[in-house]
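# Results of the structural survey
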Amino acid sequence: MDKAQLRAQLLQERRQLSEAQWQQQSLELCAQLQQWSVFQQASRICAYCSTQREADLQPLFDRLGKAKVWVLPRCVQKSLVWHPWQWGQPLTTGAYGIKVPADQTEIWSPNTVDLLLVPCLAGDRQGYRLGYGGGYYDRLFADPLWRAVPKVGILFEAGLREKLPHDPWDMPLQTLVTEKQIIQIESC
Ligand SMILES: Nc1nc2c(c(=O)[nH]1)N(C=O)[C@@H](CNc1ccc(C(=O)N[C@@H](CCC(=O)O)C(=O)O)cc1)CN2
Ligand SMILES: Nc1ncnc2c1ncn2[C@@H]1O[C@H](COP(=O)(O)OP(=O)(O)OP(=O)(O)O)[C@@H](O)[C@H]1O
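An account of the accompanying structure is given in this report. (Residues numbered from 1 in each chain as written. Chains lettered and ligands numbered in written order. Predicted model: local features only at pLDDT ≥ 70, side-chain atom pairs only at ≥ 80, totals over all residues. Heavy atoms only, no water.)

### Quick notes on the site of ligand 1
The full set close to ligand 1 counts 13 residues, and Cys-49, Gln-52, Glu-54, Tyr-132 and Tyr-137 are the nearest of them. Within the contact set of ligand 1, an oxygen atom lies 3.2 Å away from a side-chain nitrogen or oxygen of Gln-52. At 2.6 Å from a nitrogen atom of ligand 1 is found a side-chain nitrogen or oxygen belonging to Glu-54. In isolation ligand 1 exposes 680 Å². Once the protein is present, 67% of that is buried. By residue class, the composition of the shell around ligand 1 is ten nonpolar, two polar and one charged. (Near = heavy atom within 4 Å. Polar contact = N/O pair within 3.5 Å; in protein donor to acceptor, adjacent residues only side chain to side chain. Areas by Shrake-Rupley, 256 points an atom, 1.4 Å probe, with all protein chains shown as cover. Nonpolar A, V, L, I, M, F, W, Y, C, P; charged D, E, K, R; others polar.)

So this is what it looks like as structure tokens:
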């Protein structure tokens, strides 16, 4: 199965999650992250606002609120631009209907962040991921400035595969977190 077919199938599967299942799995996933030492030690964290039944990080935002500095992406042409966002500050709707910080005056660069949470539709045992196909994270990973930032794929267990198709530009992640487990990729 190629990436496009797999993406369509996985999106379809994820859409079937009930609101309650989605919330429960999201809660469990946030709990996994919260007890992971790398996450605990990170203070400036690139996150995302969930869309299309992606794991919802809202429980983390609510629980850790001001204990972390959250940094959220906004699509600008083909790139992601990162804005700091404090718990309680307003969000507005951006490209693809995804929430972005209303205050876009500050733009952060990768040397000011400790951890990047990467939304994934699927992930495999080698750390390869499948996203929505926009290539935004792929292009980000190719930027030498982002290379040093630890990256963790966030996905539901249902998206975990032994082996995903991958292209020459795909860069594997070091860690995957699901609602059931934290997977360290051995070759990293
Ligand atoms: N929560 C979240 N935020 C994120 C991402 C993400 O994967 N998840 N992104 C990660 O890249 C960026 C947004 N990228 C996206 C790329 C494509 C589609 C998408 O649904 N594409 C549809 C067509 C939508 C349209 O054309 O209006 C498609 O390709 O079928 C959504 C987000 C930045 N913010
Ligand atoms: N380093 C790069 N430079 C330029 N274009 C790239 C780069 N990496 C990927 N792309 C382009 O991005 C497109 C989408 O790639 P792919 O299907 O792997 O998306 P994805 O990983 O699912 O999406 P995303 O990263 O947005 O979650 C491809 O058409 C590819 O040409």
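### What about the site of ligand 2?
Surrounding ligand 2, one finds 16 residues, the nearest of these being Lys-3, Arg-129, Gly-131, Gly-135 and Asp-138. Arg-129 places a side-chain nitrogen or oxygen 2.7 Å from an oxygen atom of ligand 2. In this structure, Tyr-137 approaches ligand 2 through a main-chain N or O atom, which is 3.1 Å from an oxygen atom. In the complex, 72% of the free accessible area of ligand 2, which totals 660 Å², lies under the protein chains. In terms of residue count, the dominant contributor to the shell around ligand 2 is helix α5 (residues 136-142) (five residues). Classifying every residue of the shell around ligand 2 gives six nonpolar, four polar and six charged. (Helix = DSSP H or I, 4+ residues; strand = E, 2+ residues; numbered from the N terminus.)

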